[in-house]
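Listed below are the residues making up each chain.
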Amino acid sequence: MVSKKRNLRGLTAKILSQVKEEDLRYAVLQYARTHKDFKDFLHLHFLHLLADENPRKKYANFLSGFLRKYLDRPDKITNRSTKQILNALEELRQQARDLISTRNYLESYAIFINLLLYNSLLIERTAPNAPVELTDFQEVLVSSFADMLELELPRPLLNEIETELKSMLLTGSIFPLHPTLNPLALLLMRADSSSRRKALLNEYIDYLENHPPEPGILRASWAAMLHQSLMYKNTAITLLLLEAEVLKGKEIYRLAFEVLKEDKIDEMNLLVDCALKHYGPKLEHYFLEPKLISHIKADDDKSAASTLQRILNSPYSDHVSLKKLLRNIDPAEKKIFTGMAGDFVNQKDFSTNRLKVIAVFLSWLEKEDDLFEMIKDHGDVWAMIEFNSYLGDRKKNELFDYYREYLVQYLDNHIGRMSVEHTRKVLSHIRGSGMYQLADKLEVEMKSEFSHRKSFARRGR
């Protein structure tokens, strides 16, 4: 098979070397007339050689015809066809980059603007299940386009590009799908004042509110605007975007950590401050978390302690989210918060939820004595069982005495089948917390203590 392939290549080369140029052109023309794929191949690779006073229209006509069947029948876009489409779009993108090097800016711009338009059309037609490769391509495309705009282009061309991009954006022809590499970001980057940026963001907000696209595209557009408003430190727009409630609180919460991870502290603080203002006390403890982490990273111990104090004092804090937060703090940083333990242990009134929150904090600080006494004084048996894993190593004897006293008191005041079932339930939960020996010891003790009760002595586990 390999030798035949070599012979074919050799034969093709020999034919091309012998055939007359006019005969070859005639053969190519005839084949292109009856084979659309071959005609598209020729147009794709050599269209840039065709001089045209309106190159933008030239590429629009080509892409419109090339992609027509997919735009009319999005269901025909399969994994295979997506690769074919992207290969063609990537070929044009590379051509646009090469044309920049030859200073053919008009031709390059014509390619870029049409690629943006038709890539967006494909995504819109296939939403909400648009191939991820198409959305990823916008990122690459905008990055190349941005490189072109960084050159010293003629001012009239720059004005035309900005005007065209803005028109396409505000009519829904293109969308900002990537948080930072998108047409909106290009326009904001080109704006020469904060007032122009604010005006553009407000115009686009008005457009989306009056002509909302498919929900997935709408969320992506909203997220892109939020990234840009943070980048340019626009508090009013950031708050306005949060108040529109297009993005959920969880998405804003995740975004705050994403921005923090990129060490964009000012942007994170702006987002968190706006979120605290918009969502209010109920979500305060969540949005204070990235602030706490940033204070710790900056070695601002005083602010870190104050922020954690606010989290712990919030009536809406929950022990599950607090556990996740504390796991993300380096154990070496515990020293910052050690002095706070006494403030909580000495409190007198505890709700069930608040008791668990403070218990998680004390267990993280390894304050087993304070934790045991607090639950003993203010909690119940179920709260103690929940924190067995933190107390077991150092408080085995105290835990045995606590559970024994509880069970004896309970059984002294309750008789019958339900009392036995309750005792079994307590012992089962103690075993579930990993304290098997303690549970076995308690079971033996109860059977001995209440051997006179037939219903209790007769039942096993």
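Refer to the preceding data block for the structure.
Along each chain, the written sequence defines residue order, and numbers are assigned to residues from 1. This being a predicted model, a pLDDT of at least 70 is required before a residue's local features are given, and a value of 80 or more before pairs of side-chain atoms are given or counted; all residues contribute to the totals for chains, interfaces and linings. To obtain the side-chain values, all non-hydrogen atoms of the structure were used and water was disregarded.

A. View of the overall build of the chain. Each helix corresponds to a stretch of at least 4 residues labelled H or I by DSSP, and each strand to a stretch of at least 2 residues labelled E; elements are numbered beginning at the N terminus. Counting its regular elements, the chain contains 26 helices and zero strands. Relative to a compact globule of 461 residues, whose C-alpha radius of gyration would be 23 Å, the chain shows 34 Å and is clearly more extended. Any two residues having at least one pair of non-hydrogen atoms within 4.5 Å are treated as being in contact. Residue pairs at least 24 apart in sequence account for 64% of intrachain contacts in the chain once pairs closer than 6 positions are excluded. Each accessible area is a Shrake-Rupley result for a 1.4 Å probe, and residues are judged covered by the shown protein chains and nothing else. As presented, the chain carries roughly 25300 Å² of accessible surface, and 50% of it is formed by carbon and sulfur atoms. Neither His nor the chain termini are counted; the positive set is Lys and Arg, and the negative set is Asp and Glu. Here the site of a charge means NZ on Lys, CZ on Arg, CG on Asp, or CD on Glu. Treating the 67 positive side-chain charges of the chain as one cloud and the 65 negative ones as another, the clouds have centres 7 Å apart. The quantity called the radius of gyration is restricted to C-alpha atoms. Its globule counterpart is 2.2 Å times the number of residues to the power 0.38.

B. Molecular detail of the environment of Ala110. Examined against the element boundaries, Ala110 turns out to sit in helix H6 (residues 105–126). Beyond its immediate chain neighbours, meaning those up to four positions away, Ala110 contacts Pro55, Arg56 and Tyr59.

C. Highlighting the packing of aromatic side chains. To pair, rings of Phe, Tyr and Trp, with the six-membered ring standing in for Trp, must have centres within 6.5 Å; the planes then decide the type, stacked if under 30 degrees apart, edge-to-face if over 60, and tilted in the middle. If you walk through the whole model with that rule in mind, you get 14 aromatic pairs. With a centroid separation of 5.2 Å and 75° between ring planes, the pair formed by Tyr253 and Phe257 is classed as edge-to-face. A residue pair is termed a helical-turn pair when its members lie 3 or 4 positions apart in one helix, as Tyr253 and Phe257 do in helix H13 (residues 249–261) at four residues. In this scheme, a residue with accessible area under 20% of its type's maximum is buried, one over 50% is exposed, and one in between is partly exposed, where area comes from a 1.4 Å probe on protein chains only. Classification of Phe257 as partly exposed rests on a relative accessible area of 25%. One aromatic cluster is present, formed by Tyr253, Phe257, Tyr279, Tyr286 and Phe287 through successive ring pairs. Working rule: Lys NZ or Arg CZ, within 6 Å of ring centre, within 35 degrees of ring normal, means a charge sits over the ring. It is Lys441 that lies over the ring of Phe400; its NZ or CZ is 4.4 Å from the centre.

D. Up close: the nonpolar core. We define the nonpolar core as a collection of buried residues of types Ala, Val, Leu, Ile, Met, Phe, Trp, Tyr and Cys that are connected through side-chain atoms lying within 4.5 Å of one another. Within the largest apolar cluster, 141 residues are counted, with the highest numbers of intra-cluster contacts made by Phe145, Phe337, Phe361 and Tyr403. It is H6 that contributes the most residues to this core, 13 residues altogether. When near neighbours in sequence (up to four residues on either side) are disregarded, Tyr403 contacts Val381, Met384, Ile385, Asn388, Ile430, Leu438 and Leu442.

E. Quick peek at helix H4 (residues 55–72). If you check H4, its first and last C-alpha atoms are 25 Å apart, about what 18 residues at 1.5 Å a residue would give, namely 26 Å. At Phe66, H4 shows its largest kink, close to 50°. Every buried residue of H4 is listed here: Pro55, Lys58, Tyr59, Ala60, Phe62, Leu63, Ser64, Phe66, Leu67, Tyr70 and Leu71. Looking at the buried side of H4, the elements it contacts are helix H3 (36–46), helix H5 (79–101) and H6. Every helix has an expected span of 1.5 Å times one less than the residues it contains. Bend, at a single residue, is the angle you get between axes fitted to the 7 residues ending at that residue and the 7 residues starting at it.

F. A positive patch on the surface, seen in detail. Residues Arg219, Lys248, Lys250, Arg254, Lys324 and Arg327 make up a contiguous surface patch of positive charge. Those elements giving two or more residues to the positive patch turn out to be H13 and helix H17 (319–327). Relative to the helices and strands, Arg219 resides in helix H11 (residues 215–231). Assessed through its relative accessible area of 40%, Arg219 is described here as partly exposed. For patch building, the residue pool is restricted to those with more than 30% relative accessible area and no salt bridge; the joining distance is 9 Å between like charges and 5 Å between nonpolar side chains (Val, Leu, Ile, Met, Phe, Trp, Tyr). Criterion for a salt bridge: a side-chain nitrogen of Lys or Arg within 4 Å of a carboxyl oxygen of Asp or Glu.

G. Focus on a nonpolar patch on the surface. Among the surface-exposed residues, Leu11, Ile15, Leu16, Val19 and Leu24 lie close enough to one another that they form a single nonpolar patch of about 410 Å² accessible area. At three residues, the largest contribution of residues to the nonpolar patch is made by helix H1 (residues 2–18). Considering the arrangement of structural elements, one finds Ile15 in helix H1.

H. Spotlight on the packing of H11 against helix H14 (residues 265–279). Convention adopted: a line fitted to C-alpha atoms gives each axis, helices being fitted over their contacting stretch, and angles between N-to-C directions are expressed from 0 to 180 degrees. Relative to each other, H11 and H14 sit at 115°, their axes nearing to 9 Å. Read as a crossing pair, H11 and H14 show a hand that is right-handed. Facing H11, whose interface residues are Leu226, Ser229, Leu230 and Met231, H14 presents Glu267, Leu270 and Leu271. The crossing is said to be left-handed when, going from far helix to near helix, the turn is anticlockwise and less than a right angle, and right-handed when the turn is clockwise.

I. Spotlight on the packing of H5 against H6. Relative orientation of the contacting elements H5 and H6 amounts to 155°, with a least axis distance of 8 Å. Taken together, the axes of H5 and H6 are roughly antiparallel relative to one another. In this structure, H5 meets H6 at a crossing whose hand is left-handed. Here H5 contributes Ile85, Leu89, Leu92, Arg93, Gln95, Ala96, Leu99 and Ile100 to the contact with H6, which in turn contributes Tyr105, Glu107, Ser108, Ile111, Phe112, Leu115, Asn119 and Leu122. In terms of residue class, the contact of H5 with H6 is made up of 11 nonpolar, three polar and two charged. Angles are sorted into four bins: roughly parallel if under 35 degrees, roughly antiparallel if over 145, roughly perpendicular if 65 to 115, and oblique for all others. Put simply, Ala, Val, Leu, Ile, Met, Phe, Trp, Tyr, Cys and Pro go in the nonpolar bin, Asp, Glu, Lys and Arg in the charged bin, and everything else, Gly too, in the polar bin.

J. The layout of surface pockets, seen in detail. Each cavity reported here is a set of points on a 1 Å grid over the protein atoms alone in which a 1.4 Å probe fits but cannot get out, each pocket an open set with protein on both sides within 12 Å along at least five of seven lines, and each lining residue one with an atom within 4 Å of a point. Grid points are joined across faces, edges and corners, and a volume is the space filled by probe spheres set on the points. Its volume calculated, the largest pocket comes out at about 370 Å³. For the largest pocket, the lining is made up of 16 residues, of which Asp37, Asp40, Phe66, Tyr70 and Gln84 are closest to its centre. For the lining of the largest pocket, the secondary structure elements donating two or more residues are H3, H4 and H5. Considering every element that reaches the lining of the largest pocket, the biggest residue donor is H3, with six residues. The residue inventory of the lining of the largest pocket, partitioned by class, reads six nonpolar, four polar and six charged.

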